[in-house]
Amino acid sequence: MTLVIVNISSKLAILIVVCLFLLTTDVECITYTIPLVYSGSQKVNERHYKRSIESKSDHNLRGKPGQGYYITVSVGNPSQIVNVLVDTGSSNFAIAAAPNPLIQKYFYPNDSQTFSYTGTEVFVPYTQGNWEGPLGCDEVTIPSAYDLSVRTDLACIVRSDKFFINGSNWQGILGLAYSAIARPNSTVMPFFDRLVSNRSVSNVFSLQLCGQIGSLNTTGGTMIIGGIDPKLYAGEITYASLRREWYYEIVLTGLTVGDIPLQMDCKELNTDKTIVDSGTTNFRLPRKVFKAVVELFKRQVILEERIPEEFWTGESIMCWVSGNTPWKMFPRLRIAIAHSWNGSFYLSIPPPQADGLAPSSWISPCFLVTYLP
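All residue numbers here refer to positions counted from 1 along the written sequence of the relevant chain. Only residues with pLDDT of at least 70 are given local features in this predicted model, and only at 80 or more are side-chain atom pairs given and counted; all residues enter the totals for whole chains, interfaces and linings. Based on all heavy atoms of the structure, the side-chain values leave hydrogens and waters out of the count.

**Q** When you look at the overall build of the protein in this model, what are you seeing that I'm missing?
**A** Comment: elements are numbered from the N terminus, with helices defined as DSSP H or I runs of at least four residues and strands as E runs of at least two. Scanning the protein from terminus to terminus reveals 5 helices and 25 strands. Exposure classes here rest on a 1.4 Å probe applied to the protein chains alone. A residue is buried below 20% of its type maximum, exposed above 50%, and partly exposed in between. In the protein, which comprises 373 residues, the proportion classed as buried is 53%. The Shrake-Rupley method, run with a 1.4 Å probe, gives the accessible areas here. Residue values count only the displayed protein chains as cover. If you sum the accessible surface of the protein, you get close to 18,100 Å²; carbon and sulfur atoms cover 51% of it.

Here is the structure:
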C-alpha cells in the first residue's frame, strides 16, 4: 500500500512516499522524518473536502492490474461522466472526444453549454503512445474528492495511438505534475493548480494506491484533494525531496538485491531522470542498471527447476501452481531514495512485486512471473 502526498507551492514542493513496507531500522543510512507542517494556510475547507474512504470497499480510485488507477469526473453542463487515469507523470487534463474501439464512451463537447474551444491544438507523447486534439475549457468536478466545479483547461482527444487500453475503463487522463511539462506550453494550467488558484484549496493532494482489492482483476485506492487523511496511513511520513519542479523528480541513491548492494554510480541510477509516476505500474530502470540488477537476482535465485535465460530478459515466463510459487527463494529489492543532501531512506519491495507478479485469470491456477527491461 502506498500513500503519495504532494505539497505544491511556488517556492517548494515536497513529494512524500510512505509504504507499509518502509524500512526504518535495519538500513545503513540516515533516516529523517519531517512533521506535517506546510508553508501558508493548509486548513481544509470542511464544506468541500471529502475523505473518500470509510472502508476498504469505498475507494474512489479504481483500476485493473497493470492498467493504472482512474477516478470518475463530471465534465460540462449538463454534466457528462467519464473516468480519467490519475497521472503524476504528466500535466495535461484530456478526455476522449471522439469514438475509439478501445473505449466505451467519450465526451461530447457540443452537448455542453459551458464548453469553449481556445483555438489551440495539443499533441502529447508518452513513453508508450500519444494523443492529439483541440484545447478547450469547461467546468469539471471530481464528485468523490471535491464537490465544487472549476473551469479548467481541457484537451479533447480526437486522435490517438497506443494510448487507450482495451478494458481499462478509463477514457482520459488527469495530469497532476507541474505546468513546466504541460503541452503545448506552460501557459496551460494543470487541473489541480487551477483548483488551488480558483477555490483556495490547500496545496496538497494525496494518493493512496492499494494494489489489488476484492479480486485479482481489481485495484483500488483513494485520492484526496486539499488534505491528508491520517486514517489512511500508519506511522510517520517520510519525505523525499524533489530535485526539480517539472515531473516529480527524485534521486535514487542506491539499489540492493537481497543483501548485495549494486555497485553503480548515482548518476547512472538516475539516467536520464527518476520520477514518481502514478500513471504506470512499472518500476523502470535504465538498461545498464537493469542488466546489473538482473545479474544480482540471478546469483541469488536457486530453484530446483532450470531457469531459462529468456526468463530474465522477459522473453519467456515461468509458471507455478498457486500455493507452490517459490517466493522465499527470491530476494527483496530495496530502493534508497534521497530525502536530504546527506540522508536517504529505503523502500523494500518483497518478491511478488519485485518480480513483476502477473496473476493470470486465463491460465488459472498458475502465476506468471517475468522480468522486463
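Now that the structure is up, let's keep going.
**Q** So what exactly am I meant to see when it comes to the sheet that holds strand β16 (residues 244-245) here?
**A** Strands pair in a sheet through their backbones, by hydrogen bonds, and they do so in one of two ways: parallel or antiparallel. DSSP calls a pair of strands paired once it identifies at least 2 bridges connecting them. Spatial ordering of the open sheet is given by β16-β17-β20, a layout of 3 strands whose pairing is antiparallel. Both edges of this open sheet fall to β16 and β20 (274-275), since each of them pairs with a single strand only. Strand direction decides the pairing type here: β16 and strand β17 (residues 248-250), joined by 2 bridges, are antiparallel. Its bridge partner lying in β17, Arg244 is registered against Glu249.

**Q** Explanation requested: the pattern of salt bridges in the structure shown.
**A** The term salt bridge refers to a pairing of a side-chain nitrogen on Lys or Arg with a carboxyl oxygen on Asp or Glu at a separation within 4 Å. Tallied over the entire structure, the rule returns 9 salt bridges. Taking the shortest distance from any N to any O, the salt bridge between Glu249 and Arg243 comes out at 3.2 Å. For Arg243, a relative accessible area of 58% corresponds to the exposed category. We note a salt bridge from Glu268 to Lys288, for which the minimum N-O separation is 2.5 Å. One end of the pair, Glu268, is in helix α2 (residues 266-269); the other, Lys288, is in helix α3 (residues 287-300), and 20 residues separate them in sequence.

**Q** Even after reading the chapter, I still don't get the packing of aromatic side chains, so can you show me in this structure?
**A** The description of an aromatic ring pair uses the distance of the two centres, along with the angle that the planes make with each other. The rule is short: rings of Phe, Tyr and Trp, with Trp giving its six-membered ring, pair when the centres are within 6.5 Å, and they are stacked under 30 degrees, edge-to-face over 60, tilted in between. Scanning all chains against the criterion turns up 12 aromatic pairs. With a centroid separation of 5.9 Å and an interplanar angle of 50°, the aromatic rings of Phe93 and Phe191 are classed as tilted. Residue Phe93 is found in strand β7 (residues 93-96), and its partner Phe191 is found in helix α1 (residues 191-199); the two are separated by 98 residues along the sequence. Classification of Phe93 as buried rests on a relative accessible area of 4%. With centroids separated by 5.4 Å and ring planes inclined at 50°, the aromatic side chains of Tyr178 and Tyr248 adopt a geometry described as tilted.

**Q** I'm lost on the nonpolar core in this one. Help?
**A** In globular proteins that are soluble, nonpolar side chains generally tend to be buried together. Buried Ala, Val, Leu, Ile, Met, Phe, Trp, Tyr and Cys residues that are joined via side-chain atoms within 4.5 Å together make up what is termed a nonpolar core. Within the largest apolar cluster, 69 residues are counted, with the highest numbers of intra-cluster contacts made by Ile71, Val73, Phe93, Leu174, Phe191, Met223 and Ile225. For this core, the leading source of residues is α3, giving 7 residues. Core analysis: the second largest hydrophobic core is formed by 17 residues, Val124, Trp131, Phe164 and Trp170 among them.

**Q** Looking at this structure, how should I read the environment of Asn270?
**A** By the secondary structure assignment, Asn270 is in the loop between α2 and β20. For the pair formed by Asn270 and Ile250, sequence separation is 20 residues and the distance between their alpha carbons is 8.7 Å.

**Q** Would you mind showing me how to read the environment of Val204 here?
**A** Note on placement: Val204 falls in strand β13 (residues 204-212). On the basis of relative accessible area, Val204 is assigned to the buried category, the value being 2%. Considered as a pair, Val204 and Gly227 are 23 residues apart in the sequence and their alpha carbons are 5.6 Å apart.

**Q** Help me understand the pairing of strand β5 (residues 69-75) in this model?
**A** Every regular strand shows the same layout, with side chains that alternate between the two sheet faces. In terms of burial, β5 is largely enclosed, as 6 of its 7 residues are buried. As judged from the 2 bridges shared by strand β4 (residues 61-63) and β5, these two strands associate in the antiparallel manner. In the strand pairing of β5, Gly63 is matched with Tyr69. In sequence, β4 turns back onto β5 through a hairpin of 5 residues, with Gly66 there showing a positive phi of about 85°. Bridge count between β5 and strand β6 (residues 80-87): 6 bridges; the pairing is antiparallel. The residue of β6 that forms the bridge with Ser74 is Ile81. Where β5 hands over to β6, the hairpin turn is made up of 4 residues, of which Gly76 adopts a positive phi near 85°. Note that β5 and strand β9 (residues 130-142) share 2 bridges and pair antiparallel. Among the inter-strand pairings, Val75 is bridged to a residue of β9, identified as Val140.

**Q** Would you mind showing me how to read unusual backbone geometry here?
**A** Leave glycine aside and you will find that most residues have negative phi; peptide bonds, for their part, are mostly trans. Residue Pro78 is bonded to the preceding Asn77 through a cis peptide linkage, with omega at 0°. Note on placement: Pro78 falls in the loop between β5 and β6. The residue after Thr271, namely Asp272, is reached through a cis peptide bond having omega -15°. Tracing the backbone shows Asp272 in the loop between α2 and β20.

By themselves, these observations are geometric and do not establish any function.
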